[in-house]
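Descriptive structure summary
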Amino acid sequence: MIKLTRPDCPNPRALEKGNYKHANNKEALRNAASGKCMYCESKISHVDHAHIEHIKPKAADKFPELEFVWSNLGYSCEICNGHKHDKYIADTPYIDPYAENPEAHIVFHGWVLFPKNGSERGELTITDLGLNRPELIEQRQERIEKFILAINACYRTNNETLRNAALKSLGQEALPDKEYSYAILCTLKAHDIPL
């Protein structure tokens, strides 16, 4: 999960008319998330239609007044949203990547996500959204292992110019549009590679 910038709502009239799934609004949120789930960072548009989901649940006993509020909508995969259901608790809300920096609450060690510095919100977000579900761990592990092989290959050259160019190129994999970019960023930091 990375910090996202919420765009202005392209079609506020759709929200006013009770349509939070309007195509223009969905596209704006998709672009803001680089086609990735706002929670697990999996690229979803090539395998699923993705969903506009409510950060705070719209259920009648939760936050029905936020159903058509732009700041409560995000681009999510069905799996993360399905894990969430209506477990949301107001005093320990899930991390909202549009409103705060997730790095304050979660960190990767390898391909597994952990709460940072005992963050309860980090722990609840990881647990309730299933951010360490087996299929995600498998995908991240595969990506990180290949990435570490590439890092090691960079250090095998004696030519410092070539090494630095290769490491700089690898740093591009931590850009927000890349799948699992936060896991890659944590890997770069763990290997003391300057960003």
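Cut-offs applied
- Residues numbered from 1 in each chain as written.
- Predicted model: local features only at pLDDT ≥ 70, side-chain atom pairs only at ≥ 80, totals over all residues.
- Heavy atoms only, no water.
- Core = buried A, V, L, I, M, F, W, Y, C linked by side-chain atoms within 4.5 Å.
- Buried < 20%, exposed > 50% of the residue type's maximum accessible area, 1.4 Å probe, protein only.
- Helix = DSSP H or I, 4+ residues; strand = E, 2+ residues; numbered from the N terminus.
- Contact = heavy atoms within 4.5 Å.
- Salt bridge = Lys/Arg side-chain N within 4 Å of Asp/Glu carboxyl O.
- Disulfide = S-S within 2.5 Å.

**Digging into the nonpolar core**
- Tyr39, Tyr75, Tyr98, Leu131 and Tyr182 are the most contacted members of the largest nonpolar core, which has 51 residues in total.
- Elements supplying a minimum of two residues to this core: helix H2 (23-32), strand E2 (73-76), strand E3 (106-109), helix H5 (134-155), helix H6 (160-171) and helix H7 (181-190).
- For this core, the leading source of residues is H7, giving 6 residues.
- When sequence neighbours within four positions are dropped, the list of residues in contact with Tyr98 reads Lys3, Leu4, Thr5, Arg6, Leu29, Ala32, Ala33, Met38, Ile55, Leu73, Gly74 and Tyr75.

**Structural notes on the pattern of salt bridges**
- This structure, assessed with the given rule, holds 8 salt bridges.
- Across the pair Glu103 and Lys189 runs a salt bridge whose closest N-O atoms are separated by 3.7 Å. Of this pair, Glu103 sits in the loop between helix H3 (78-84) and E3 while Lys189 sits in helix H7, and the two are 86 residues apart along the sequence.

**Notes on the state of the cysteines**
- Throughout the structure, instances matching the rule amount to 0 disulfides.
- Cys9 takes part in no disulfide bond, and the closest cysteine sulfur, belonging to Cys37, lies 20 Å away.
- Judged by relative accessible area, Cys9 falls into the buried class, the value being 18%.
- Residue Cys186 stays outside any disulfide, its sulfur separated by 16 Å from that of Cys40, the closest cysteine.
- Residue Cys186 is classed as buried on the basis of its relative accessible area of 11%.

**Description of the environment of Ser34**
- Along the chain, Ser34 turns up in the loop between H2 and strand E1 (51-54).
- Assessed through its relative accessible area of 22%, Ser34 is described here as partly exposed.
- For Ser34 and Ile44, which are 10 residues apart along the polypeptide, the C-alpha to C-alpha distance reads 9.9 Å.

**Notes on the environment of Ile44**
- Counting through the fold element by element, Ile44 comes out in the loop between H2 and E1.
- Taking C-alpha positions, Ile44 is 6.5 Å from Cys77, a pair spaced 33 residues apart along the chain.
- Apart from residues lying up to four places away in sequence, Ile44 is in contact with Gly35, Lys36, Cys37, Ala50, Tyr75, Ser76 and Cys77.

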